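# Structural overview
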Amino acid sequence: MTTDLFSPIQLGRYHLPNRIIMAPLTRNRAGAGNVPQALNVLYYEQRASAGLIISEATQISPHGVGYPATPGIHSAEQIAGWKQVTQAVHAKGGRIFLQLWHTGRISHPSLLPNGEQPVSASAIAAEGMASTYEGEQPFVAPRALETTEIPTIIEMYRQGAANALEAGFDGVEVHNANGYLLDQFLRDGVNQRTDAYGGSIANRARLPLAVLEAVIEVWGADRVGIRLSPSSTFNSMSDSDPEQHFGYFVEQLNRYNLAYLHLLEPSESDLRHGGKPVPTSYFRPLYHGNLMVNWDYDFAQGQAVIANGEADLVSYGKLFISNPDLPERFRRNAPLTPFDPATFYGGGAVGYTDYPSLPDSSVPDSSLQDSSLQEQQISS
Ligand code: PHB
């Protein structure tokens, strides 16, 4: 039998019923105090048939916020809010990991305690605009973290991981991608440090690996994943030699026996912005564990990368936004509801919890043939 998106897989400690993963998706709909609320509970509950849900990026500290209305995992209220989410997902038979996030320089004083300056590996501002409660404002130059502050950053991640455990998650994903704090340390386009955390790739990897180790101490490596975006130029990121540098980093990851490595793959936009795309096929032989891939896959493309062994799992983002029952849609080859980018970020239920599931996901395929109800539901 060929392996495909519907083949079960052992992912660290968990046996997943399918390989169709819900990607981490920033939706900016947390309640006051960056606390997950009832609307967020419903959203995740609706998507519990994913092989695994990876939560939206979630700040580990008030000092790590980078956008309006993103949830946190640093206050008692946030832990209680997330508990409602994890209980609802578990009640539907699902599994959910929390994505641990510190945005570093992708922030703004207006989002941070006492209007403090954002921090990064080096004092280099990102190009472009920060999203704030007062609209878009230019990024400011961050403050380079002092060497003596690094242990505090590691502790923030450890505490965030411990809080996620308390909130009932099944595991955590370390967000080491997309130009946020850990990526700012890893890539030499931003990291110009001259201490033990900058310079050689071994030094630039030191903070990301120390964070990973702290998180593993809390969870065990078999409940921890990590996300990387070696080719991405998003958030003004660059690297002089992504193949060599990320090749080194990925090989280091083999030491831990993680639940998975989650790779964001090169996009057209990365190419246009002068990125140096490194194909997944380069990393596949370097990494010895489960590899999850992400970049705008459709069903056929997802089936193909699993069948030909290029990856073990595929995470879907936009398609999960508008198709809460995505695995069942794929299984039945049912039409997919198109997503509306205008409602991706911020707002309420519209474009968030109002996308329909198929009428009755427990009905066998044959009973749905020639069903006009199915079409109606999907186009509504
Ligand atoms: C975003 O809010 O734009 C965002 C957040 C996390 C990511 C990527 C983008 O990893």
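About the criteria used
- Residues numbered from 1 in each chain as written.
- Predicted model: local features only at pLDDT ≥ 70, side-chain atom pairs only at ≥ 80, totals over all residues.
- Heavy atoms only, no water.
- UniProt positions renumbered as here; feature names shortened; annotations may be inferred.
- Pairing = 2+ DSSP bridges.
- Helix = DSSP H or I, 4+ residues; strand = E, 2+ residues; numbered from the N terminus.
- Axes fitted to C-alpha atoms, helices over the stretch in contact; angles between N-to-C directions.
- Contact = heavy atoms within 4.5 Å.
- Left-handed = near helix turned anticlockwise from the far one by under 90°.
- Nonpolar A, V, L, I, M, F, W, Y, C, P; charged D, E, K, R; others polar.
- Buried < 20%, exposed > 50% of the residue type's maximum accessible area, 1.4 Å probe, protein only.
- Arc of directions from axis to C-beta.
- Near = heavy atom within 4 Å.
- Polar contact = N/O pair within 3.5 Å; in protein donor to acceptor, adjacent residues only side chain to side chain.
- Areas by Shrake-Rupley, 256 points an atom, 1.4 Å probe, with all protein chains shown as cover.
- Core = buried A, V, L, I, M, F, W, Y, C linked by side-chain atoms within 4.5 Å.
- pLDDT = per-residue confidence, 0-100.

The protein chain is annotated in an unreviewed UniProt entry as Alkene reductase from Pegethrix bostrychoides GSE-TBD4-15B. Regarding the protein chain, the UniProt comment filed under Sequence similarities (unreviewed entry) reads as follows: "Belongs to the NADH:flavin oxidoreductase/NADH oxidase family." For the protein chain, the Cofactor (unreviewed entry) comment in UniProt is given as "FMN".

A word on the sheet that holds strand β11 (residues 224-228). With respect to topology, eight strands assemble into a closed barrel ordered β3-β4-β5-β10-β11-β12-β13-β14, the strand pairing being parallel. If you compare each strand with its neighbour and ignore which way they point, the axes differ by 25° on average. With five bridges connecting them, strand β4 (residues 52-59) and strand β5 (residues 96-101) associate as parallel partners. Within β5, the position partnered with isoleucine 53 by the bridge is isoleucine 96. Against the sheet, helix α3 (residues 150-166) contacts β5 and β10 (171-175), and its axis sits at roughly 160° relative to β5. Across the sheet, helix α7 (residues 242-253) touches β11 and β12 (260-264), and the angle it forms with β11 is around 175°.

This paragraph deals with the packing of α3 against helix α6 (residues 206-219). For any two helices packed against each other, the geometry comes down to the angle between their axes and how far apart the axes lie. The contact between α3 and α6 brings their axes to 9 Å, and the two run at 30°. Here α3 runs over α6; the crossing is right-handed. Here α3 contributes Ile150, Ile153, Ile154, Tyr157, Arg158, Ala161, Ala162, Ala164 and Leu165 to the contact with α6, which in turn contributes Leu207, Ala210, Val211, Ala214, Val215, Glu217, Val218 and Trp219. Residues of the contact of α3 with α6, tallied by class, amount to 15 nonpolar, no polar and two charged.

Those residues of helix α1 (residues 38-46) that fall on the buried side of the exposure criterion are Asn40, Val41, Tyr43 and Tyr44. Viewed end-on, α1 has its buried residues packed into an arc of 165°, placing them on one side of the element. Looking at the buried residues of α1, the elements they touch are β3 (20-22), β4, α2 (76-91) and β5.

Neighbouring the ligand are the residues Thr26, Tyr67, Trp101, His175, Asn178, Tyr180 and Phe234. Here an oxygen atom of the ligand sits 2.7 Å away from a polar atom, N or O, in the side chain of histidine 175. For the ligand, an oxygen atom lies 2.6 Å from a polar atom in the side chain of asparagine 178. When isolated, the ligand has an accessible area of 280 Å², and the protein chains bury 81% of it.

The next point concerns the nonpolar core. Grouped together as the largest cluster of nonpolar side chains are 82 residues, with contacts concentrated most on Leu212, Val215, Leu228, Leu253, Leu258 and Tyr316. Here this core gets eight residues from one element, more than from any other, and that element is α6. The contact partners of leucine 212, leaving out residues within four places of it in the chain, are Val174, Val224, Ile226, Leu253, Tyr256 and Leu258. Core analysis: the next-biggest nonpolar cluster, separate from the first, contains 12 residues, Leu11, Leu52, Ile54 and Ala259 among them.

Summing up the model confidence of the protein chain, the mean pLDDT is 95 and the portion of residues at 70 or higher is 95%. Segment residues 363-380 is flagged for pLDDT under 50; beyond a separation of four residues in sequence, or across chains, it makes 20 contacts in the model.

With respect to the helices and strands, valine 172 occurs in strand β10. By relative accessible area, valine 172 is classed as buried at 0%. When the C-alpha positions of valine 172 and glycine 348 are compared, they lie 26 Å apart, and in sequence the two are 176 residues distant. Discounting chain neighbours no more than four positions away, the residues touching valine 172 are Phe97, Leu98, Leu100, Ala164, Val215, Trp219, Arg223, Val224 and Gly225.

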